[in-house]
Amino acid sequence: MTGAASRRFSKLMARLLARWPQLRSFRLRIALVSTVIALVAITALYASTAYIIVHRRAGIIDRVLAAQLSGPLFQLTLQAPWSAIDAHINASFSGFAPEGSTEGFAILRVHHAQAGELYRSSDWPLELAPQPAPQAGSGLQTLDSADRSWRVGSVTDGPVTVWIGVNRSLSNAQLRASFGRFAGALAGMVALIGVLSWYLAGGAMRPVERLTRVMVRINATDLDRRVSTEHEDREFAELITVFNAMLDRLQRSYQQAVRFSGDAAHELKTPLTILQGELERSFARAASDPALEQGLANMLDEVRRLDSIVRKLLLLARADAGQLHIPMTRTDLAPLLEELAEDIGLMDDSRAVRLELPQHLYVNGDAELLGQVLHNLVSNAIKYGTAGGWIALTAREEGQHWQIDISNASEGIAAEHWDRLFDRFYRADQAHNRRVSGVGLGLSLARDIARAHGGALELADPGPGKVCFRLTLPVA
C-alpha cells in the first residue's frame, strides 16, 4: 500500500469510527475487513464468471442453430415430415431450457415460393411472421415478441425457405436459476468467511484478552501477579515481557511509597504525642499570661491537626499495603446515624435535619471505622453546606446492600472537581486556605474504609442546589 493510499484508508477508517463507534473493536474491524475483501473478490469472480457463461451460452446456441440450418437434417421437399423435424429440433435444444419446463424451446417455419407456407410451429409468434414472409438468407438475428426473445436463423434451398427460432428467454431463465443458486452458495461462503474471520481474529486477540484480564485483576495488594509467555507467539511474548517488566518497576515503586508513608507516619506519631502532651501541660500553667495562653492554644490546635493527619496517613498506608484488617461484627448503624443527627442540631441549630432511616440498619464491620466514615461525611455537609440550609440522612435497602445518603443544601460542586474529590490532599477550594478546616484526606480515607467493608463511597448527586454522598454497604 502506497503512502497516499494508506492516508486515504486512515481517513476512511477515522470517518467510519466517528459514525459507528462500535467499530472501535479491533476484532470486529479485522473480521469486517476480511469479510469485505472476500465479498469483493467473490463478487468480482461471480460477475466475470456470469459474463463468460452468458456469452459462451449464446455462442453455443448460435453454433448449434447454425449446425441445424446447415446440416443434412431434412430434405427440403414438399413431402418432408416437418412436424417430426420440429420435435427433433426441440429435443436438440432442450438442454438449454429450465428443468421441468414444458414450453417449446425451438420453433420452425417452412415457406414455399409457389405453394406458400408448408409448415409453422403451433407456438410461432405471429409478430415474427409478417406478410409478406421474412426475407430469406438474413443469417442469425435476434427478434423480440411480446414476452419472448428469439434467436432466429434461416436457410433457403430452391423455392423452399426454412426458419428456425430458439427461445432465448428460456435459456436466460435457466441461467438466472443457476446464477441464483450460485449466488446463494457464494453468500453462504461469505457468511462462513465472516464467521471464520471472527473466530481467527478472536484467537489472535486471545493473548491480549488474557493480558487485559490480568491487568483488570491487578490492584495494590496484587502487584506480584505476572503473565506467562510460555507457548505465546513472538510478537505477543515481547508485549507480555514489557508488561511484566513494567509491573516489576511499579511494584518496587509502590512498595517503597507505602513503606515510606507508613514509616513516616509511624515515626511522626510518637514525637507529636509527646509535643501535644507538653503543650497541654504548658497551656495549663500559662493561665496567668493570656498572650502566652492564646499562643499555646493555637500551637496545640495545629499539633492536634498534625496528629489527625498522621493517624489518617497511617490508616491509608495500612489500606494501601492490604493490612487494614477489619474485625467483622454485626453492627446496627441506625442509632449512630440518629446520634449524628442530634449532633448536627447541637453544632448548628440553624440547619434543618431530615431523617429517613429504617428501624434497624445491620451491617458487618468495625463500628468505630464506619462511625469515622459517617462522621466525616456529616462534618463535610456542615462545613461546606449552605448556611441555614438543610442536611438529610437517608437509608434504604437495595437488593443485598444498604444505600446510605448524606446530602445537604449546597451551591453545588463544579464538574472539574468531581473526578478528583477522593484524591488525597485534594480540596475543591483552590486557594487551600484555612477558611474551612481539613487537608483533603477525609474522603479518601472514608472510601478506603468503605471498600475494606465490601462497599463503596461515591458522589451520587452533584447537581445544583444539592450535594449527596452515597455510602453502600452489604446487608448483614
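Relevant structure appears above.
Since we're looking at a predicted model, the values are computed, not measured.

A. Quick look at the packing of aromatic side chains. Enumeration over the complete set of coordinates arrives at three aromatic pairs. Aromatic side chains Tyr46 and Phe179 sit 6.2 Å apart centroid to centroid with 70° between the ring planes, which places their arrangement in the edge-to-face category. Of the two residues, Tyr46 is situated in helix H2 (residues 26-70) and Phe179 in helix H4 (residues 168-217); the sequence distance between them amounts to 133 residues. Aromatic pair Phe422 and Phe469: ring centres 6.2 Å apart, planes at 85°, arrangement edge-to-face. Of the two residues, Phe422 sits in the loop between strand S10 (401-408) and helix H9 (442-452) while Phe469 sits in strand S12 (residues 467-474), which places them 47 residues apart along the sequence. Among the residues examined, Phe469 registers a relative accessible area of 9% and is labelled buried. Connected via pairs of aromatic rings, a cluster forms that spans Tyr46, Phe179 and Phe182. The ring of Trp163 has Arg109 sitting right over it, with the charged end atom 4.7 Å from the ring centre.

B. Structural detail: helix H3 (residues 82-93). In this model, H3 (12 residues) spans 17 Å end to end at C-alpha, consistent with the 16 Å of a helix rising 1.5 Å per residue. Every buried residue of H3 is listed here: Trp82, Ile85, Asp86, Ile89, Asn90 and Phe93. Down the axis, H3 shows its buried residues gathered within 140° of arc, on one side only. Opposite the packed face of H3, turned more than 90 degrees from it, sit the exposed residues Ser83 and Ala91.

C. Quick look at a nonpolar patch on the surface. Together, Leu192, Leu196, Tyr199 and Leu200 make up an exposed nonpolar region whose accessible area comes to about 450 Å². You can see Leu192 is positioned in helix H4.

D. Inspection of the environment of Asn167 at higher detail. By the element assignment, Asn167 lies in strand S5 (residues 160-167). Counting along the chain gives 18 residues from Asn167 to Ser149, while the straight-line C-alpha distance between them is 6.2 Å. Setting aside its immediate chain neighbours within four residues, Asn167 contacts Glu103, Gly104, Phe105, Arg148, Ser149 and Trp150. Within the structure, Asn167 has its side chain in polar contact with the backbone nitrogen of Leu170 (distance 3.4 Å).

E. Focus on the nonpolar core. Residues Leu361, Ile404 and Phe469 are the most contacted members of the largest nonpolar core, which totals 37 residues. Those elements that place two or more of their residues in this core are helix H7 (334-347), helix H8 (367-384), strand S9 (390-398), S10, H9, strand S11 (456-461) and S12. Here this core takes eight residues from H8, the largest share from any one element. If we ignore the near neighbours within four places in the chain, the residues touching Leu361 are Thr331, Asp332, Leu333, Ala334, Leu337, Ala395, Trp402 and Ile404.

F. Seen up close, the sheet that holds strand S2 (residues 116-120). Read across the sheet, five strands follow the order S2-S1-S5-S4-S3 without closing on themselves; strand pairing throughout is antiparallel. The open sheet has two free edges, formed respectively by S2 and strand S3 (141-144), since each of these has just one partner strand. Pairs of neighbouring strands in the sheet enclose a mean axial angle of 25°, with direction left out of account. Pairing between strand S1 (residues 106-112) and S2: four bridges, direction antiparallel. Bridging across to S2, Val110 finds its partner in Tyr119. Lying over the sheet, H3 contacts S1, S2 and S5, oriented at roughly 145° with respect to S1. Across the sheet, H4 lies against S3, strand S4 (149-157) and S5, angled at about 25° from S5, the strand it touches most.

G. Representation of the packing of H2 against H4. Across the interface, H2 lies against H4 with an axial gap of 8 Å and an inter-helix angle of 160°. For the element pair H2 / H4, the angle class is roughly antiparallel. Helix-helix and strand crossings are classified by hand; for H2 and H4 the assignment is right-handed. A per-class count over the contact of H2 with H4 returns 24 nonpolar, seven polar and three charged.

Procedures and definitions
Residues numbered from 1 in each chain as written. Predicted model: local features only at pLDDT ≥ 70, side-chain atom pairs only at ≥ 80, totals over all residues. Heavy atoms only, no water. Phe/Tyr/Trp six-rings, centres within 6.5 Å; stacked < 30°, edge-to-face > 60°. Helix = DSSP H or I, 4+ residues; strand = E, 2+ residues; numbered from the N terminus. Buried < 20%, exposed > 50% of the residue type's maximum accessible area, 1.4 Å probe, protein only. Lys NZ or Arg CZ within 6 Å of the ring centre and 35° of its normal. Expected span 1.5 Å × (residues − 1). Arc of directions from axis to C-beta. Patch = residues over 30% accessible without salt bridge, like charges linked within 9 Å, V, L, I, M, F, W, Y side chains within 5 Å. Areas by Shrake-Rupley, 256 points an atom, 1.4 Å probe, with all protein chains shown as cover. Salt bridge = Lys/Arg side-chain N within 4 Å of Asp/Glu carboxyl O. Contact = heavy atoms within 4.5 Å. Polar contact = N/O pair within 3.5 Å; in protein donor to acceptor, adjacent residues only side chain to side chain. Core = buried A, V, L, I, M, F, W, Y, C linked by side-chain atoms within 4.5 Å. Pairing = 2+ DSSP bridges. Axes fitted to C-alpha atoms, helices over the stretch in contact; angles between N-to-C directions. Parallel < 35°, antiparallel > 145°, perpendicular 65-115°, else oblique. Left-handed = near helix turned anticlockwise from the far one by under 90°. Nonpolar A, V, L, I, M, F, W, Y, C, P; charged D, E, K, R; others polar.

Function cannot be inferred from these measures alone, as they are strictly geometric.
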